[in-house]
Amino acid sequence: MRLHLAMLASTLSTVLRVSSSFAPKSSTSSILQRSFTSTLSLQMAGDDTVTVGIFGGGTVGGGIVEILSKKKDYFKQLSGKTIEVRKICVRDASKERDFEVPSGCDIVTSYDDILNDESIDMAVEVMGGTTDAKDVVLGALKKGKSVVTANKALIAKDLGEIESLCASVDDSTQFRYEAAVCGGIPIIRSMQSDFVGDNIKLMSGIINGCTNFMLTSMDRDGKSYDEALSQASELGYAEADPTLDVGGFDARSKLKILMRLAYGMDVDEDEISCRGITELTKIDFEYAKTLGGTIKLLGVAQMNDAGEVSAFVSPCYVGNDDPLSSVNGATNAIEILSDNLVESIYIGQGAGRYPTANSCINDIVALAKGDTTPLPFNPSADVKFVNNYESVFFLRLNYRDQVGITRQVGEICEKHGVSIHSILQNPMTKSQDSAFAIVTEKVEYAAILKVLADIEALNWCKGKPFYMPVLREDWQ
């Protein structure tokens, strides 16, 4: 078998060299050669073996190796293939690993050791970042290797380029990214298969585990923002630089990917309104409890009656009877409202060694079974994005005591067409905590921004006013 394949490879190579002298460089000969090379490498490794190279030997990479070793026989029965990790690329080959390196697997430090190895069928990228990781992912696809990645930042940043490259390579070269959004929750596969006959009206989700852990601590345990962040760091939920998490940027990257799958639109991340949890205080949670709810950092995308889509990442008021209100700790949850399935909720672990590795494993095994997806991001669509939306809003205003504050606030709201539903003020023991809250009727986001700008300019207003959407219209 191997001899025949070698002879066939030599013959085909000669044919291609001859044909290339008569055909332009853009001819199908290069595609045919790439397709044959990819197929040949798989067969040369053995018809019943799929070989894997992993970029990143840390938390997630180690989890992938452990699961593949532990369930090797089961995966062979399931896919008909033996899945072998041939190489793991790391920064420091001398560093002690917290997992057992499989027999026959080499620890390497050069990306090319995997990219240029024709015997490796599949590249798994769990190294993170958007620079070297991009070179690895695009390089592997160009070499005819299928790619599995957990890198939401890379996908969100370079989705268009990745999509174009996937369209140019052979169909056997696949791009999979289940672990990129919400770790262990199988939301990507569901969006690719379960909603194809449906129309998604709203997606709202707790899609960052670090911030949900922190908000749970602030709400349930009465911790301050700094105390909650310190605890999250101690438990490994927060990075050394937690900006991507607490600033809402991690959630925004995930939301962008979900919007592409749900609505067929590739929105620039900077177009999506993004506010993290750094402005939240204990006072906000006290008012939320008074209203009968809590606060969650949510990524929300919604299609209006005109077929336009708006989206934002922001702290939101959520009532205690809402299904998202009871999702605590580092757990993630996504709710999808659609025409056919009406309401679908996905809940699970959004990060961590084994939840994230599990999603990577699902992609690896699916590829070993021969599953293919011609359009990894679903078909594109001509849908308009509008950076404005309607909602009930919660406003918190810190003030210096003086006469006429509520009158001025009422006049400003009237000026911009904002109707006030209620005004709340809890007893304060310290003057520096002097604050009151306003709940509006349903109004446009743009109008709220104008109201806040006018209020901030008043001499009694201390600092920047805080605002957040109320998730449901029927919040009472």
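Rules used in this analysis
- Throughout this description, residue numbers start from 1 for each chain and increase along the sequence as written.
- Where local features are concerned, this predicted model is filtered to residues with pLDDT of at least 70; where side-chain atom pairs are given and counted, the filter is 80 or more; whole-chain, interface and lining totals use all residues.
- Only hydrogens and water are set aside; all other atoms, that is, all heavy atoms of the structure, feed into the side-chain values.
- Each reported salt bridge corresponds to a side-chain nitrogen of Lys or Arg within 4 Å of a carboxyl oxygen of Asp or Glu.
- Each helix is a run of H or I in the DSSP string that is no shorter than four residues. Each strand is a run of E no shorter than two, and both are numbered from the N terminus.
- Under the scheme applied here, a residue whose accessible area is under 20% of the maximum for its type counts as buried, over 50% as exposed, and between as partly exposed, the area being computed with a 1.4 Å probe on protein chains only.
- Put simply, buried Ala, Val, Leu, Ile, Met, Phe, Trp, Tyr and Cys residues joined by side-chain atoms within 4.5 Å make one nonpolar core.
- Here, residues are in contact when the closest pair of their heavy atoms is within 4.5 Å.
- Planes of paired rings set the category: under 30 degrees apart is stacked, over 60 is edge-to-face and the rest tilted, where pairs are Phe, Tyr or Trp rings (Trp by its six-membered ring) whose centres lie within 6.5 Å.
- Look at NZ for Lys and CZ for Arg. If either is within 6 Å of the ring centre and within 35 degrees of the ring normal, a charge sits over the ring.
- Given the number of residues in a helix, its expected span is that number minus one, multiplied by 1.5 Å.
- By definition, two strands form a pair when at least two bridges between them are found by DSSP.
- For helices, the fitted line uses only the C-alpha atoms of the stretch in contact; every axis is such a line through C-alpha atoms, and the angle between N-to-C directions lies from 0 to 180 degrees.

## Structural notes on the pattern of salt bridges
Step number 1: For the structure on display, the rule yields 23 salt bridges.
Step number 2: One salt bridge in this structure joins lysine 134 and aspartate 158, with 3.5 Å as the shortest N-O distance. Of this pair, lysine 134 sits in helix H6 (residues 132-142) while aspartate 158 sits in helix H7 (residues 152-168), and the two are 24 residues apart along the sequence. Accessibility assignment for this pair places lysine 134 and aspartate 158 in one class, buried.
Step number 3: Between glutamate 390 and lysine 442 there is a salt bridge, with the nearest N and O atoms lying 3.7 Å from each other. Highlighted residues: glutamate 390 in strand E13 (residues 390-398) and lysine 442 in the loop between strand E15 (435-440) and strand E16 (443-444), separated in sequence by 52 residues.
Step number 4: For glutamate 390, a relative accessible area of 46% translates into the label partly exposed.
Step number 5: Residues joined in a network through salt bridges with shared partners are Lys134, Lys157, Asp158 and Glu161.

## A look at the nonpolar core
Step number 1: Formed by 119 residues in total, the largest nonpolar core has its most connected members in Phe175, Ile187, Met191, Met203 and Met259.
Step number 2: The leading source of residues in this core is helix H12 (residues 249-263), at eight residues.
Step number 3: Counting residues in each nonpolar core, the second largest holds 28 residues, with Ile64, Ile88, Val148 and Val365 among its members.

## A word on the environment of glutamine 402
Step number 1: Positionally, glutamine 402 belongs in the loop between E13 and helix H15 (405-415).
Step number 2: Along the chain, glutamine 402 and tryptophan 460 lie 58 residues apart, while their C-alpha atoms are 7.1 Å from each other.
Step number 3: For glutamine 402, the contacting residues outside a window of four places in its chain are Gln408, Asn459 and Trp460.

## Details of the packing of aromatic side chains
Step number 1: Under the defined criterion, the tally for this structure stands at 15 aromatic pairs.
Step number 2: Ring plane angle 55° and centroid distance 6.4 Å describe the contact between tyrosine 287 and phenylalanine 394, whose orientation is recorded as tilted. Placement of the pair is tyrosine 287 in helix H13 (residues 282-291) and phenylalanine 394 in strand E13, with a sequence separation of 107 residues. Summarising the burial analysis for this pair, tyrosine 287 and phenylalanine 394 share the class buried.
Step number 3: Here the basic side chain of lysine 71 rests over the ring of tyrosine 74, its NZ or CZ set 4.6 Å away from the ring centre.
Step number 4: In this arrangement the basic side chain of arginine 275 is found over the ring face of tyrosine 467, its NZ or CZ atom lying 3.8 Å from the centre.

## What to know about helix H9 (residues 209-220)
Step number 1: When the terminal C-alpha atoms of H9 are compared, their 16 Å separation across 12 residues agrees well with the 16 Å that a helix rising 1.5 Å per residue should span.
Step number 2: In terms of burial, H9 is a largely internal element, 11 of the 12 residues being buried.
Step number 3: On its buried side, H9 packs onto strand E7 (200-206), helix H10 (225-234), helix H11 (243-246), H13, strand E9 (293-303) and strand E11 (331-338).
Step number 4: Immediately beyond the C-terminal end of H9, within one or two residues, lies glycine 222, with a positive phi of roughly 70°.

## Here's the deal with the sheet that holds strand E1 (residues 49-55)
Step number 1: In space, the six strands of this open sheet follow the order E3-E2-E1-E4-E5-E6, with parallel pairing throughout. Two strands lie at the open edges of the sheet, namely strand E3 (106-108) and strand E6 (175-176), each paired on one side alone.
Step number 2: Bridge analysis of E1 against strand E4 (residues 122-125) gives four bridges, and the strand direction is parallel. The residue bridging phenylalanine 55 from the neighbouring strand is glutamate 125, located in E4.
Step number 3: Strands E1, E4, strand E5 (146-149) and E6 of the sheet are contacted by H6, whose axis makes an angle of about 165° with E4.

## A word on the pairing of strand E2 (residues 82-89)
Step number 1: In terms of burial, E2 is largely enclosed, as six of its eight residues are buried.
Step number 2: Taken together, the seven bridges between E1 and E2 define a ladder with parallel strand orientation. By the bridge assignment for E2, isoleucine 54 is matched with isoleucine 88.
Step number 3: By the bridge criterion, three bridges tie E2 to E3 in an arrangement that is parallel. Bridged to isoleucine 88 within E3 is isoleucine 107.

## A short note on the side chain of serine 314
Step number 1: Checked against the element boundaries, serine 314 lands in strand E10 (residues 309-319).
Step number 2: If sequence neighbours within four positions are ignored, serine 314 has contacts with Arg275, Lys296, Leu297, Leu298, Met468 and Pro469.

## Some thoughts on unusual backbone geometry
Step number 1: Here cysteine 182, not a glycine, exhibits a phi torsion of approximately 65°, which is positive.
Step number 2: By relative accessible area, cysteine 182 is classed as buried at 1%.
Step number 3: One non-glycine residue, valine 342, lies in the positive phi region at around 65°.
Step number 4: Considering the arrangement of structural elements, one finds valine 342 in strand E12 (residues 342-349).

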